[in-house]
Every structure is written in C-alpha cells, then in structure tokens.
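Survey of secondary and tertiary structure
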Amino acid sequence: MITVENAVKEFKKVVKQPGLKGSVQALFKPGYEIVHAVSDISFEVNKGEIMGFIGPNGAGKSTMIKMLTGILYPTAGNITVAGYNPQKQRQQYVQHIGVVFGQRTQLWWDLPLSETFTVLKEIYRVQQKEFEQRMGYLNEVLDIAPLMTSPVRTLSLGQRMRADLAAAMLHRPKVLFLDEPTIGLDVVVKDNIRKAIANMNKVDDTTIILTTHDLADIELLSHRIMMIDHGKLVYQGTLHDLKDKYGKSKKIEFVISDITQPVQQLLADRFGQRGIEFALDQDKGTLIYDRSIPSAMILKELLELVSIKDISIKESDVEAIIKEIYMTGDKHE
Amino acid sequence: MNRIKAYIPFSKGGFLTAIAYRTHILGFLVGELLFSFIMYYLWKTVFANTGGTLLGFTFSDMVVFIFLSNATRFLIHSEATYTVAEEIVEGSISMRLIKPVRLDLSLMFTDLGSTILTFLLIFIPMLIGIEIYRFVEFGVWMISPIRILLFLFSASLSFLVNFYFDLCFGFMAFFLKNLWGFSILKQSMVNFLSGSMIPLDFLPKIFADPIKLMPFASISYTPVMIFMGKYSGMTVFNAMALQIFWVIMLYLLSALIFSIAKRYLSVQGG
C-alpha cells in the first residue's frame, strides 16, 4: 500500500547571530543552515496494517507524515501510496486518504459541525445514500450526533478530535494518517479514540499510519512500529520484537513479611549468574532476572525462600526501552 | 475535469463566515463611506477652483467616479493574499492541500461567497444611491441597463484579474514566510495604479498610457469607465479584451509560481 524508498527532506533554515550586530548582519547577508529533517528512510506498509511512528520531538515523524500526505516535497527519494505519487498527483491522490493532524483541525471553525460534513460530502463526492450510512457508522463509533449543531469553536478538544476523526473517515479513505491523534486528551477520551481507530481499521481494512508520544497508543493499536531519531530510522519491527531485542530482563516486585535467607546467593546458585539482581528496601523487594528464565520457576524458588504478602511481575517496560534508545541516540551527536 | 459543484461549499462557507463577521463588514462599510466623502469634499474644492470641467470630468462625473470606484473596489476585494500568507505562516495550508480540490479555485470560491454578500449589502444600495444622485442632478433617470450589464461583466473580469494578482502575491509567502510589509506595499500600489483613487486620465499621458496597459487598470478603472460612458464602442471591447488577456496571464503566472513555490513549503510549527 505504501512504499517509501530513500526519502530525504532537507530544509534551509536562516541562522542569525545573537544581538544587534547579528540582526544587522542577517539583514544584509543572511546565513543559512541545512536541516536534515529526514535522511534516507525506506519502508513498506501493507494494506490493513497499522503502523506507528515513534521518536522524540523534532525527530522527523511529522515531516515524514507530511511527505506521505503530499504536503511536503521530498528533497530526494520515491514515495508511492495506494499507487499514486502524493506530490505529483496530489488532487487525485488525496481523494483516497484521510488525515488528522492532532494540533490542527479541518473542521469549519465558525460554522456548526454539520456544515463541515455537508461540505466534505460535496468535496469528496459522497453519494447521499452512502453519506447517510457512513454518518450512522461514524456516529456509532465516535458519538458525534450530539455535537452536530454546535459551532466548531465551542467544542472541547476531545469532542473536536472525535469530529476530526469522523471528518477524515467520511469518504472511506484507503489510508488514514494520524499525526498525534491523542495529544492533550484525557484518559477516557484517549481510550474511545483508540477503540474507534481500531474499529475503523477492522471494518474497512483501512491502512493506518500514526505518530504519537503516547506509547499506549502504540501498544494498543500498532501492528508494527518505526522508531525515528534525528531523521533516521533506528528501529523497525513489532513491539514484541522490540521488547525481545532490547528488553532482556523481567522484574518481580513484592512486599515481604519475613526474610531469613541470603536470597541473591541462593537464586544465583540455582539459575546461574544470568543477570539475577535482588534488592531489598525495607519490606519492598525487587528481583530482576533474564527473560530466558521462566517466570514460574523463579517465582517458585522465591516463594520458598521468603514469605511474601504481595507480588507483581512486570514485563520490561517499553517506555524504559525507548528512553534508553533515545538517550543512546543523543550520545552519537 | 473539475466539477464546480465541489467548490460551491467554499462559497457558502465564505458567505456564512462573512455573515458571522457582519460587524466587520459594517465597520468596513462605514470606513469606506467616510473615505468616499473625504474624497468627495476634496474634489469639490478642486472643482470649485477650476469651474465646470476638469480634463473631461464634470463634478457630477467625479462624484459617480468616487462612489462607484470605492464600491467596485469593495466588490472585487479578494482575501487570497491574506489567506494564503496566513495559512503558510501558521501552517494550516496543510489542511487545504489534503483536500481533493484546486488551491486557486477553493480560494476563489471562498472569496465569491463574501462577494455575493457585499454585492447585496453594499453594491446594490450604492448603485441605487448613484442613480438617485444622477436623477437629482440632471432631472432625468440616467439608468442604462446595457451599461450596467457591461459593467457587471467587466467587473467580473476585474474580480478575476484582482484575484489572480492577489494569489501570485500570496504565493510569495512560500519564499518570504511573512508577507505583512510586502502586502501593504501591494495594496498601496493597487489602490494608486488601478485608478480607484485618482482617475488615470488625470495623470500625465506619458504615465497614464502605460499604466492603463498594466493589469491594475483592469482591476477597477475599466468597469467604472464603462459604467460612466467614458468608454464606448471599440474602446469597451478593447478594454475588456485587455482584461481577459490579464486574467489569462496572471492565471498562468500564478500556476507557474505555485509549481515552483510548493517545493519550498516548509510547514512552520508542527
């Protein structure tokens, strides 16, 4: 559905020296600096797939999405989406995609929400019967009917996002682009939005590309992730593989009532020194161990050695993994 | 290839937005009227000291000229420069580019929406006012349906010339990022060179003739002269042909600028 080959995007940025002298200098002889927003990224996305872009601020995620949607021209490389060149065939191409930019709206600001949908109906040439059916479905998943008579500027951010998502999906796009669809939303709204996205993906087999900073979006929605940092693709694969590759250990947290034995020593004897780390802070204990050791086994041993009041097992945290990748990325600078 | 129907909503939107900001329009109207009256008294003084006619203009000609020029300027007003520049500066041009519509037509039809409102609210009353003035002045009705029709046709061409000129300017924002100072320059240039401030025929012939060939005269001078009967016969035809020429030229120029400019787009802020 989507093929990107060696996409590059460079911007020219004016650099100005500080102070009055710098300002005067910039007036006559502006200095430029080339910013490599995206450098040499290639990937493919299949039909019906949900692909999530993650990466720190300024990594190039939004630039990538803007190139995929035909807004920005790549400096080099080839992009094909749904058989179109997004830049050269913009007008035909955008008929087949839906776009939501979390920080902007495509709704008609001063007019009641219903007007936006009538406008979109004309622009995308949606037939009346199809329109009614589609509005029924969108209302079912996004509950937009109660908002229809309100001017868009009076909607809350959560309501606006629901409406924006519905607006992007009215014409049954083949590909839906979501740039930070859950930004600034509360937990309940986020949850509803995610459910709606998942539902649309399932019902219409819509290919979805999303960028986010909220890893829950990724965990709950994405089939595959791409991690971008400093304009480069640093990881591509499933979330599961990411955990496998980078998250080598698991963690047990527990509250003890009694401890008598040298746990670290005994566990190390039993499982070998494979990354076993035992720590105790008053009655709160943590045990970190290599993921190759079955949790049940280590748990059994642990329960024999100490008497425990409460216990929880944690997969290695995606957030921690990603943080580590971002940080190591920075070090290369 | 492009169905006009898809653009009707833009006009509707422009119309409704204009209504939503009716106080804005009202303020504009009062301002323009005041301006027209200032011009009126200014010229009154001038004519009082020349007596009779000035370069073929009688004082009543001048009154018609002042009010009709201003009404025409109002009628063909385009927001294209402002809209494009603002959308580029704040990045919302993205939202326009993701729609399966042409950029120029979507902007033009938005303008048309508010033009319809200005036509009904401002132009028609102004025209009635002018006809009443002429009736009072000359004692006979001077209404000429043919002149009015020719005027409307020429004014439509003016709208297109002005729109594509504005659009070319707006596209400069792709390169300049901020267009504020530049657009003030443009507006003063248009106001002066289009002959809506001073009749172009008042300028020395050596300036007036080249200016009349420039697109600016096609913006508001031509329709006003046609209405006033200053142009007749072949002159009307030639002036309109020149307008059509400029519509085509500016349309091509805007398309050319856009095809280059879109590569330079760097969406500012997110």
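Residue numbers run consecutively from 1 along every chain, following the written order of its sequence. Both sets of labels track the order of writing: A upward for chains, 1 upward for ligands. Under the rules for a predicted model, residues below a pLDDT of 70 receive no local features and side-chain atom pairs below 80 are neither given nor counted, while totals for whole chains, interfaces and linings still include all residues.

**Some thoughts on the pairing of strand 8 (residues 224-229) of chain A**
All names here are of chain A. Rule in force here: Using C-beta atoms placed from the backbone, we call a residue buried if 20 or more other C-beta atoms fall within 10 Å of its own, exposed if 12 or fewer do, and partly exposed for counts in between. Helix and strand definitions follow DSSP, with helices as H or I runs of at least four residues and strands as E runs of at least two, each counted in order from the N terminus. In this analysis, strands are considered paired if DSSP registers two or more bridges between them.
Within strand 8, five of the six residues are buried, which leaves it mostly tucked inside the rest of the structure. The pairing of strand 3 (residues 50-54) with strand 8 spans four bridges and is classified as parallel. Counted as the bridge partner of Gly52 is Ile225 from strand 8. Strand direction decides the pairing type here: strand 8 and strand 9 (residues 232-237), joined by five bridges, are antiparallel. Bridge pairing links Met227 to Tyr235 in strand 9. Between strand 8 and the antiparallel strand that follows it, strand 9, lie two residues; His230 among them carries a positive phi value of about 50 degrees.

**Looking at the domain arrangement of chain A**
For clarity, the threshold we go by: Here the limits of each domain have been adopted from an automatic or database domain assignment.
Looking at the assigned domains, one finds that chain A contains domain 1 (44-243) and domain 2 (248-315). Relative placement of domain 1 of chain A and domain 2 of chain A: their C-alpha centres are 44 Å apart.

**Some words on the sheet that holds strand 12 (residues 284-290) of chain A**
All names here are of chain A. To keep it simple, the criterion reads: For helices, the fitted line uses only the C-alpha atoms of the stretch in contact; every axis is such a line through C-alpha atoms, and the angle between N-to-C directions lies from 0 to 180 degrees. Remark: residues whose backbone-derived C-beta atoms lie within 7 Å of one another are considered to be in contact.
Read from one edge of the open sheet, four strands run 11-12-10-13, paired in antiparallel fashion. The open sheet has two edge strands, strand 11 (277-281) and strand 13 (306-314), and neither has a second partner. The average angle at which neighbouring strand axes cross in this sheet is 20 degrees, direction not considered. The sheet contact formed by strand 11 and strand 12 spans five bridges and is antiparallel. If you follow Glu277 over to strand 12, its bridge partner there is Ile288. Packing against the sheet, helix 11 (residues 295-305) makes contact with strand 10 (249-259), strand 12 and strand 13, and its axis sits at approximately 155 degrees to strand 13.

**Some details on unusual backbone geometry**
All names here are of chain A. The phi dihedral of Ala82 falls on the positive side, at around 50 degrees, and the residue is not glycine. The partly exposed category is assigned to Ala82, around which 16 C-beta atoms lie within 10 Å. Despite not being glycine, Glu180 has its phi angle at roughly 50 degrees, a positive value.

**Quick notes on the interface of chain B and chain A**
If you look at the interface, chain B gives 23 residues, while chain A gives 26 residues. Here the side of chain B that touches chain A gets six residues from one element, more than from any other, and that element is helix 1 (residues 8-20) of chain B.

**Observations regarding helix 3 (residues 59-75) of chain B**
An α-helical segment advances 3.6 residues per turn. Residues three or four places apart therefore align on the same side. As a reminder of what qualifies: Helices are assigned an expected span. That span is 1.5 Å times one less than the residue count.
Taking 1.5 Å as the rise per residue, helix 3 of chain B with 17 residues should run 24 Å; its terminal C-alpha atoms sit 24 Å apart, in good agreement. Extensive coverage of helix 3 of chain B is indicated by the burial of 14 of its 17 residues.

**Notes on the sheet that holds strand 9 of chain A**
All names here are of chain A. Strand order in the open sheet formed by six strands is 5-6-7-3-8-9, and the pairing between neighbours is mixed. Each edge of the open sheet carries a strand with a single partner, namely strand 5 (97-101) and strand 9. Pairwise comparison of adjacent strand axes, ignoring direction, gives a mean angle of 15 degrees for this sheet. Bridge analysis of strand 6 (residues 175-179) against strand 7 (residues 207-211) gives five bridges, and the strand direction is parallel. In the strand pairing of strand 7, Asp179 is matched with Thr211. Taken strand by strand, helix 6 (residues 157-169) contacts strand 5 and strand 6, and its axis lies near 160 degrees from that of strand 5.

**Section: the confidence of the model for chain A**
Our working rule: pLDDT: the predictor's confidence for each residue, scored from 0 to 100.
The predicted model of chain A averages 85 in pLDDT, with 96% of residues at 70 or higher. Here helix 12 (residues 318-331) of chain A stands out as the element of chain A with the lowest mean pLDDT, 68, in contrast to strand 6 of chain A, whose mean of 94 is the highest.

**Some points on the environment of Pro199 of chain B**
Here Pro199 of chain B lies in the loop between helix 9 (180-193) and helix 10 (205-213). A sequence separation of 188 residues divides Pro199 of chain B from Ser11 of chain B, and the C-alpha atoms of the two residues are 32 Å apart.

**Some remarks on the packing of helix 4 (residues 80-90) of chain B against helix 7 (residues 145-171) of chain B**
All names here are of chain B. In plain terms, the rule: Oblique is the label for every angle not falling under 35 degrees (roughly parallel), over 145 degrees (roughly antiparallel), or within 65 to 115 degrees (roughly perpendicular). Crossing chirality is assigned from the near helix's rotation relative to the far helix, an anticlockwise turn below a right angle marking it left-handed and a clockwise turn marking it right-handed. Gly is put with the polar residues, along with every residue not named as nonpolar or charged; the nonpolar set is Ala, Val, Leu, Ile, Met, Phe, Trp, Tyr, Cys and Pro, and the charged set is Asp, Glu, Lys and Arg.
At a minimum axis separation of 7 Å, helix 4 and helix 7 run at an interaxial angle of 20 degrees. In terms of axis orientation, helix 4 runs roughly parallel to helix 7. Helix-helix and strand crossings are classified by hand; for helix 4 and helix 7 the assignment is right-handed. On helix 7, the residues touching Ala80, Thr81, Thr83, Val84 and Ala85 of helix 4 are Phe163, Asp166, Leu167, Phe169, Gly170 and Phe171. When the residues that make up the contact of helix 4 with helix 7 are grouped by side-chain class, the tally is seven nonpolar, three polar and one charged.

**Some thoughts on the nonpolar core**
Going by this rule: One nonpolar core equals one set of buried Ala, Val, Leu, Ile, Met, Phe, Trp, Tyr and Cys residues connected by C-beta atoms within 7 Å.
Residues Leu165, Ala166, Phe177 and Ile209 of chain A together with Val161 and Tyr164 of chain B are the most contacted members of the largest nonpolar core, which totals 132 residues. The residues contacting Ile209 of chain A, other than those within four sequence positions of it, are Val45, Met51, Ile65, Leu68, Val175 and Phe177 of chain A. By size, the runner-up hydrophobic cluster in this structure holds seven residues, among which are Leu267, Phe278, Ile298 and Leu302 of chain A.

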